[in-house]
Structure formats: C-alpha cells, structure tokens
Amino acid sequence: MHVHQDIDRRIDEIAASLKSLVTRLRAAGFVFYHPNDVFPGVESDVELREVGPVPYALAAFWRRIGSVDLTGSHPNWTGCEYPDPLFVYPALTAAAEVDDFLANRAIGLEVEFPYKIPIAPDSFHKENVSGGMWYNVDCPATDHNPL
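Quick caveat: nothing in here was measured; it's all calculated off a predicted structure.

**Some points on the overall build of the chain**
So, point 1. Across its full length, the chain holds 4 helices and 6 strands.
So, point 2. For the chain, the N- to C-terminal ordering of α and β elements is α-β-α-β-β-β-α-α-β-β.
So, point 3. Within the chain, the proportion of its 147 residues that are buried is 35%.
So, point 4. When contacts within the chain are restricted to residue pairs at least 6 apart in sequence, long-range pairs at least 24 apart make up 65% of them.
So, point 5. Only carbon and sulfur atoms are counted for the fraction: they give 55% of the accessible area of the chain, which is about 8,700 Å².

Following this line, the structure appears as structure tokens:
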C-alpha cells in the first residue's frame, strides 16, 4: 500500500474513533469547554490557504477531519489539574500564524526562528492558564506553497 494511502486510511480510522469518543464522553456527562469546536469538521477553504509545505499526515488530518477540541471537565473526575486533552487547531489557525510570520519574517530570520505550525495549545493554555509555546511542527514558510 502506498504510504499516503495508508495515512489516509489511518486518518479515516481516527475520525471514526473521535466520533465515537465524543459520543461516549457526552453520554458519560463530560462537559466540553467549547461545544461548537469539539469536532466541527473540515473548513471549506482549507485548500485555498497558503502555509508552506506541511507534513502529509497533518495536511491529511486538516483535509479529512479538520480540527478537534476535547477540552472540558467531568464533575466527578479529579486528580489532574492539567489533563492535556486532545486538541488540534484548524488549518486556518496555521494560515493566520504564517501570515503573521511572513509579515515579520526579517525579524524571525535574524534570530533563526523558523515558522512553527501551531498544532495545539500547551496543557496550561488548554485550562485557561498562561503557559508556554503551543505544540508545533517547524515548517519552511514561503509566500506561495499551498497546503
């Protein structure tokens, strides 16, 4: 099987598992912090955004799943102040970040700071506490590389 076909198959399996997980969490009384962002689907213009060449698996996730935000709590679950739930920013977040990076590219290049694709907030930010840098993947940022 071709590597990309295998990744696409796995992404589809992940989507099915996420749907099941969200259903089970809701049934168990889990309260999502952002109910409309839990599993919103694919953004309609994800193909039109330019963020540079990204890893195939991440691009496939954005094209087939979109984003996911499982931040929340359960009234009976205790013992973990910063649980670090599953969260993947939508592709438009990366597009906005690359726009900012390109606007300030000279500064970034002076300090050898690469463009970083934002994947998810760190465990502190997920709980609305100031934290560190988001989880990310380095990516060469160019003006004309489609996702």
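This is not the end of the story, as more comes after the structure.
**Some remarks on the nonpolar core**
Side chains of nonpolar character tend, in soluble globular proteins, to be buried together.
So, point 1. Formed by 29 residues in total, the largest nonpolar core has its most connected members in Phe32, Phe61, Trp62, Tyr115 and Ile117.
So, point 2. Elements supplying a minimum of two residues to this core: helix 1 (3–27), helix 2 (56–64), strand 4 (87–88), helix 3 (91–103) and strand 5 (115–120).

**Let's talk about the pattern of salt bridges**
So, point 1. Summed over all chains, the structure comprises 6 salt bridges.
So, point 2. With a closest N to O distance of 2.4 Å, Arg10 and Glu13 form a salt bridge. In this pair, Arg10 and Glu13 are both assigned in helix 1, 3 residues apart and thus about one turn of the helix distant.
So, point 3. A relative accessible area of 33% places Glu13 in the partly exposed class.
So, point 4. Asp12 is the partner of Arg64 in a salt bridge, and the nearest nitrogen-oxygen pair spans 2.9 Å. Residue Arg64 is located in helix 2, and its partner Asp12 is located in helix 1; the two are separated by 52 residues in the primary sequence.

**Observations concerning the environment of Ala95**
So, point 1. Within the secondary structure, Ala95 is located in helix 3.
So, point 2. Judged by its relative accessible area of 0%, Ala95 is buried.
So, point 3. Separated by 22 residues in the primary sequence, Ala95 and Ile117 have C-alpha atoms spaced 8.7 Å apart.

Rules of the game
- Residues numbered from 1 in each chain as written.
- Predicted model: local features only at pLDDT ≥ 70, side-chain atom pairs only at ≥ 80, totals over all residues.
- Heavy atoms only, no water.
- Helix = DSSP H or I, 4+ residues; strand = E, 2+ residues; numbered from the N terminus.
- Buried < 20%, exposed > 50% of the residue type's maximum accessible area, 1.4 Å probe, protein only.
- Contact = heavy atoms within 4.5 Å.
- Areas by Shrake-Rupley, 256 points an atom, 1.4 Å probe, with all protein chains shown as cover.
- Core = buried A, V, L, I, M, F, W, Y, C linked by side-chain atoms within 4.5 Å.
- Salt bridge = Lys/Arg side-chain N within 4 Å of Asp/Glu carboxyl O.

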